[in-house]
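# Observations on the three-dimensional arrangement
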Amino acid sequence: MQELHDAPLAPLTTFRLGGPATRLLTATTDAEVVAAVAEADASGTPLLVIGGGSNLVIGDKGFDGTALRIATEGFTLSGTSLELAAGEVWTDAVARTVEAGLAGIECLAGIPGSAGATPIQNVGAYGQEVSSTITEVVAYDRRTRETVTLPNAECSFSYRHSRFKAEPDRFVVLRVRFELEEAGGLSAPLAYPETARAMGVEQGERVAASAARETVLKLRAGKGMVLDPDDHDTWSAGSFFTNPILDEAAFQDFLARVHERLGPDVTPPAFPAEDGRTKTSAAWLIDRAGFTKGYGGGPARISTKHTLALTNRGEATTEDLLALAREVVAGVHAAFGVTLVNEPVTVGVAL
């Protein structure tokens, strides 16, 4: 297991931000992951687990403890059953399932990061979420000090949330198992209107899985959501804020504020959510509050391609990024009474 001291963490994140770790370990097997976690727990050393770094905001002072980079490999496909090691590159794994003619995660193409992070965030995009195909998650339980296998029903999946996210210091994901669909090379029914429109079909239709994947990649690239080292719009964590989910009273207050600010004929995006609540669009809120594409005068700015992405233009610090995020949160709340919640995990800092 590779070990470095006073190791830079910024290169391990898609934001390219953050100070160094006291110690950085790189684990390439499940046994090494478990050993590193157990050692840190036994000694009382703070532990930061890093996968693809696509959902991390690390403070400029870095991390005073052990950072563990999970670089395990493993792609096992048996019929329609898929098992991924936590360190597998997610978008590469999606491509391989499409090449095998299987459906279920093709619209999750282009999402940066590792496979082990997908159940934590219940990663989703373009009408698909991993919770609909995950069957089991194998993880090291730091409380019981044993490796456990959690079936889907015990993962407490919800919108961009899971048991793993709710108990961040308990589980370290080692492997993720999926059940995909054999549909003769076709995709799952297209659930997202934008994808269906881009492909010239009706929502709910199936298309070639490979075509669905390529369409999603093009849509994401147009929004700066596919990693490109030469494009500062992709020096981000993708969507920085989750879409707000409002109860009835909060939604009615929101509607009143929209009509007061933008006029009685303006209807904000609204989608049914769990427990009778309503989900609206964070990107819409940000834009209508006056934070348009490219907003910002410093080294951290809103993406020129998508209002939901905050970006490092090359010389930013984490504090620059947080200052912009706080400005957006305050502006949206002042305009519409809705408090945006950051999607990336913050380390050593907070909004």
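Residues numbered from 1 in each chain as written. Predicted model: local features only at pLDDT ≥ 70, side-chain atom pairs only at ≥ 80, totals over all residues. Heavy atoms only, no water.

## Comments concerning the environment of Glu32
- Locating Glu32 in the fold gives a position in helix H1 (residues 30-43).
- Look past the residues within four positions of Glu32 in its chain and what remains in contact with it is Met1, Thr26 and Ala27. (Helix = DSSP H or I, 4+ residues; strand = E, 2+ residues; numbered from the N terminus. Contact = heavy atoms within 4.5 Å.)

## Structural notes on the pairing of strand E7 (residues 81-85)
- Summarising the sheet, strand E6 (residues 75-78) and E7 pair through 4 bridges and their orientation is antiparallel. When the sheet's bridge partners are listed, Thr76 is paired in E7 with Glu83.
- Remark: 2 residues form the turn of the hairpin made by E6 and E7, two consecutive strands paired antiparallel; Gly79 in that turn has positive phi of roughly 65°.
- Here E7 pairs with strand E13 (residues 171-179) via 5 bridges, running antiparallel. When the sheet's bridge partners are listed, Ala85 is paired in E13 with Arg175. (Pairing = 2+ DSSP bridges.)

## Quick look at the side chain of Arg23
- Of note, Arg23 is situated in strand E2 (residues 20-27).
- A polar side-chain atom of Arg23 sits 2.7 Å from a polar atom in the side chain of Glu39.
- The residues touching Arg23, leaving out its near neighbours within four places in the chain, are Glu3, Leu4, His5, Glu39, Gly65, Thr66 and Ala67. (Polar contact = N/O pair within 3.5 Å; in protein donor to acceptor, adjacent residues only side chain to side chain.)

## Here's the deal with the nonpolar core
- One finds Leu84, Trp90 and Phe178 to be the most contacted residues of the largest nonpolar core, which totals 37 residues.
- When residues of this core are traced back to their parent elements, those giving at least two are E7, helix H2 (90-99), strand E11 (134-141), strand E12 (146-151), E13 and helix H6 (209-222).
- Setting aside its immediate chain neighbours within four residues, Leu84 contacts Gly74, Phe75, Trp90, Ala93, Ala115, Leu174, Arg175, Val176 and Phe178.
- Within the second largest apolar cluster, 35 residues are counted, among which are Ala237, Phe291, Leu310 and Phe336. (Core = buried A, V, L, I, M, F, W, Y, C linked by side-chain atoms within 4.5 Å. Buried < 20%, exposed > 50% of the residue type's maximum accessible area, 1.4 Å probe, protein only.)

## Brief notes about the packing of aromatic side chains
- Applying the stated criterion across every chain, the model contains 10 aromatic pairs.
- Judged by centre distance (5.3 Å) and plane angle (75°), the rings of Tyr126 and Tyr192 are edge-to-face. Here Tyr126 is found in the loop between strand E9 (124-125) and strand E10 (128-129), whereas its partner Tyr192 is found in the loop between strand E14 (181-182) and helix H5 (193-199), with 66 residues between them in sequence.
- Take Tyr126: its relative accessible area is 10%, and that puts it in the buried class.
- Centre to centre, the rings of Trp284 and Phe336 are 5.9 Å apart; their planes meet at 40°, and the pair counts as tilted. Of the two residues, Trp284 is situated in helix H8 (residues 282-288) and Phe336 in helix H9 (residues 318-336); the sequence distance between them amounts to 52 residues.
- Phe336 sits in the buried class, given a relative accessible area of 0%. (Phe/Tyr/Trp six-rings, centres within 6.5 Å; stacked < 30°, edge-to-face > 60°.)

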